[in-house]
Amino acid sequence: STIAIDGDFADWDAVAVTYYDTKGDVAHRNHNGYGGNHYTNDSGRNDIVKSKVTVGDKTVSFYAETASALSPSSDKNWMLLLINADCDQSTGWEGYDYIVNYKVKGDGQSTVMRYDSASQSWTEVGEARFAVKDNRLELCFDKSLIGISGNSATFDFKWADNPASLTDAISLCTDGDTAPNRRFNYRFIWKK
């Protein structure tokens, strides 16, 4: 179905498949450890608890819900959407071929970027639109940007909020929040 990116989330009620994530896993850490070490991590920000995906005639749309109100979209590494378009872990960055929201342009405007293995960097390939209301986010972009054509598609995806960096995949496990947790992915399978 086609979703209107307008901050009114009622049209998502028709999308039955829901992906869930652990609630309460963004607790800040400040504890003594073994050998006199002290561990501090306050990167937990947006606790992602629910996701949805749908494909329309021209766009693919994503939904994310957090346990409490979302932080501003101007925050660093805010609500990143990682997509493994070919379901192949040996391509892209740690298997992810595309990233959305790595470069948010402004209120309601963001980017879709593709990983360039030759330069080992993310390159903008198109734009995404998004809307936020309280603890919910919806975004969409042209489905051809990630290679969806015809009447079917299969891809893996993951939400990540506030990883320290995207140079080492371990930051997906140690900082902020990911949905699903750690190095797991959701798989989306669509047939019209």
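Up top is the structure.
Our subject in this report is the structure included herewith. This structure is a prediction, so every number in the text was calculated from the model and none was measured.

Here we take up the overall build of the chain. Check the secondary structure of the chain and you find one helix and 13 strands. Written out in order from the N terminus, the α and β elements of the chain read β-β-β-β-β-β-β-β-β-β-β-α-β-β. For 192 residues, the compact-globule estimate of 2.2 N^0.38 gives 16 Å, and the chain sits close to it at 17 Å. The long-range fraction of contacts in the chain, counting pairs at least 24 apart against all pairs at least 6 apart in sequence, stands at 58%. Taken as a whole, the chain presents about 9500 Å² of accessible surface, with 47% of it coming from carbon and sulfur.

With that out of the way, let us pick up the nonpolar core. If you look at the biggest cluster of nonpolar residues, it comprises 31 residues, and the most contacted ones within it are Val-60, Phe-62, Ile-83, Phe-141, Phe-155, Phe-157 and Trp-159. Of all the secondary structure elements, the ones that give two or more residues to this core are β4 (48-55), β5 (59-66), β6 (80-84), β7 (98-100), β9 (121-133), β10 (136-142), β11 (152-161) and β13 (186-191). The element contributing the most residues to this core is β11, with four residues. When neighbours within four sequence positions are excluded, Phe-141 is seen to be in contact with Lys-58, Thr-59, Val-60, Phe-62, Ile-83, Val-100, Val-112, Glu-127, Ala-128 and Ile-146. Counting twelve residues, the second largest nonpolar core, distinct from the first, contains Leu-80, Trp-93, Met-113 and Trp-122.

Residue position: Arg-182 is located in the loop between β12 (177-179) and β13. Its relative accessible area of 46% is what places Arg-182 among the partly exposed residues. Sequence separation between Arg-182 and Ala-160 is 22 residues; the distance between their C-alpha atoms is 9.5 Å. Excluding its chain neighbours within four sequence positions, the residues that come into contact with Arg-182 are Lys-158, Leu-172 and Cys-173.

With that out of the way, let us pick up the packing of aromatic side chains. The relation between two aromatic rings is expressed through the spacing of the ring centres and the mutual angle of the planes. The final tally for this structure, using the stated rule, is 13 aromatic pairs. Between Tyr-19 and Phe-157 the ring centres are 5.1 Å apart and the planes differ by 85°, which places this aromatic pair in the edge-to-face class. Within this pair, whereas Tyr-19 is found in strand β1 (residues 19-20), its partner Phe-157 is found in strand β11, the two being separated by 138 residues in sequence. Of the residues examined, Tyr-19 reaches a relative accessible area of 13% and is grouped as buried. Classification of Phe-157 as buried rests on a relative accessible area of 0%. The rings of Tyr-19, Phe-62, Phe-141, Phe-155, Phe-157, Tyr-186 and Phe-188 are connected pair by pair, giving a single aromatic cluster.

Cut-offs used in this document
- Residues numbered from 1 in each chain as written.
- Predicted model: local features only at pLDDT ≥ 70, side-chain atom pairs only at ≥ 80, totals over all residues.
- Heavy atoms only, no water.
- Helix = DSSP H or I, 4+ residues; strand = E, 2+ residues; numbered from the N terminus.
- Rg over C-alpha atoms; globule rule 2.2 N^0.38 Å.
- Contact = heavy atoms within 4.5 Å.
- Areas by Shrake-Rupley, 256 points an atom, 1.4 Å probe, with all protein chains shown as cover.
- Core = buried A, V, L, I, M, F, W, Y, C linked by side-chain atoms within 4.5 Å.
- Buried < 20%, exposed > 50% of the residue type's maximum accessible area, 1.4 Å probe, protein only.
- Phe/Tyr/Trp six-rings, centres within 6.5 Å; stacked < 30°, edge-to-face > 60°.

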